[in-house]
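One letter stands for each residue in the lines below.
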Amino acid sequence: FPGHEIVGEVTEVGSKVKKVKVGDKVGVGCMVGSCRQCDQCTNDLENYCSKMILTYSAVYTDGTITYGGYSNLMVADEHFIVRWPENFPLDAGAPLLCAGITTYSPLRYFGLDKPGMNIGVVGLGGLGHVAVKFAKAFGTKVTVISTSINKKKEAIEKLGADSFLVSRDPEDMKATAGTLDGIIDTVSADHPILPLLSLLKPHGKMVLLGVPNKPIELPAFPLITGRKLIAGSGIGGMKETQEMIDFAAKHNILPDVEIIPIDYITLQWIAL
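- The name an unreviewed UniProt entry assigns to the protein is Putative mannitol dehydrogenase 1, from the organism Olea europaea.
- On record in UniProt, under Cofactor (unreviewed entry), the comment for the protein is "Zn(2+)".

Structure (structure tokens):
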């Protein structure tokens with residue numbers, strides 16, 4: 001993605017830069033700045049800093065607007081650079097700098113990364129298919145939850161999911177009730193949460209990554225009776241992002257991508 005999943009080669013470094021050198025392959029993700037002093041920043045959680053600076057369409061510390069991957073040349077603080085693993089493809093790997101860390105981080109933070117756990121992934125889009133790949137690499141059993149049976153073949157045969165659940169099928173949902181340790185919900189379209197909560201075991205955790213237009217209807221009783229947790233998560237800090245990309249390289253986790261020329265994007269924007 002051109003705006004905030006950027007990979008390339010270092011062409012120049014400042015005199016005090018220690019992390020990278022000219023010729024190194026690097027990446028820049030969703031953020032290029034933070035205050036570096038608050039509790040979040042000092043605990044490697046720059047993504048939750050109140051002064052976090054986005055890679056594009058934000059105001060940088062010098063007052064200029066960030067353009068991120070929409071520029072033909074980018075200057076970034078070395079702290080917000082990700083060192084790219086050797087022999088890891090730049091083009092196919094780039095989306096991990098957003099979709100990868102956005103799914104890796106909650107799996108790790110909420111303890112949904114233990115072998116043998118049963119993890120549900122709601123939605124099989126950009127985030128969803130990467131969530132399946134990371135969850136499988138952690139050794140969990142993955143159930144893809146979708147409104148459409150059409151994605152079953154892709155989920156099972158291509159991505160290696162263990163099972164597929166159609167959320168609109170009452171019998172399917174009833175049979176799977178109380179079996180999942182955690183759910184990663186990647187869907188940004190409006191959708192009911194209550195049926196998904198029924199799939200969780202007691203003490204199960206549901207993490208929201210998508211941003212639906214309407215506020216979520218959240219009944220208290222199903223949470224209370226099973227001591228269940230609903231949480232949210234957004235990207236990750238720089239330390240964890242580096243950890244994620246190294247893990248992806250080790251386990252050969254790559255998103256499914258389509259490579260298009262940059263002028264195609266320009267034409268699409270004009271058309272809009």
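After that view of the structure, there is still more to cover.
## Looking at helix 3 (residues 99-109)
- Burial analysis of helix 3 places 9 of its 11 residues in the buried class, the great majority of the element.
- Among the structural elements, strand 8 (118-122), helix 4 (126-137), strand 11 (180-185), strand 12 (200-208) and helix 9 (238-250) are those in contact with the buried residues of helix 3.
- Backbone geometry just downstream of helix 3 places glycine 111 in the positive-phi region, at approximately 70 degrees.

## Thoughts on helix 4
- For helix 4, with 12 residues, the first-to-last C-alpha span of 17 Å sits near the 16 Å given by 1.5 Å per residue.
- Inspection of helix 4 places Gly128, His129, Val130, Ala131, Val132, Lys133, Phe134 and Ala135 among the buried residues, and these make up the whole buried set.
- Of the surrounding secondary structure, the elements contacted by the buried residues of helix 4 are helix 3, strand 8, strand 9 (141-146), strand 11 and helix 9.
- Glycine 139 occupies a position one or two residues after helix 4 and carries a positive phi of about 90 degrees.

## Some thoughts on the pattern of salt bridges
- Applying the stated rule across the entire model yields 9 salt bridges.
- Among the ionic pairs, aspartate 24 bridges to lysine 21, the shortest N-O distance being 3.0 Å.
- Since its relative accessible area comes to 54%, lysine 21 is described here as exposed.
- With a shortest N-O distance of 3.7 Å, arginine 36 and aspartate 77 are connected by a salt bridge. Linking arginine 36 in the loop between strand 3 (31-33) and helix 1 (39-42) with aspartate 77 in the loop between strand 6 (65-67) and strand 7 (82-83), this pair joins segments that are 41 residues apart in sequence.

## Topic: the packing of aromatic side chains
- For the coordinates displayed, the defined rule picks out 8 aromatic pairs.
- Grouped by ring-pair contacts, the aromatic residues Tyr104, Phe134, Phe138 and Phe247 constitute a single cluster.

## Some thoughts on unusual backbone geometry
- Positive phi outside glycine occurs at asparagine 87, with the angle close to 60 degrees.
- You can see asparagine 87 is positioned in the loop between strand 7 and helix 2 (90-93).
- Asparagine 87 gets classed as exposed once you look at its relative accessible area, which sits at 75%.

Thresholds, definitions, all that
- Residues numbered from 1 in each chain as written.
- Predicted model: local features only at pLDDT ≥ 70, side-chain atom pairs only at ≥ 80, totals over all residues.
- Heavy atoms only, no water.
- UniProt positions renumbered as here; feature names shortened; annotations may be inferred.
- Buried < 20%, exposed > 50% of the residue type's maximum accessible area, 1.4 Å probe, protein only.
- Helix = DSSP H or I, 4+ residues; strand = E, 2+ residues; numbered from the N terminus.
- Contact = heavy atoms within 4.5 Å.
- Expected span 1.5 Å × (residues − 1).
- Salt bridge = Lys/Arg side-chain N within 4 Å of Asp/Glu carboxyl O.
- Phe/Tyr/Trp six-rings, centres within 6.5 Å; stacked < 30°, edge-to-face > 60°.

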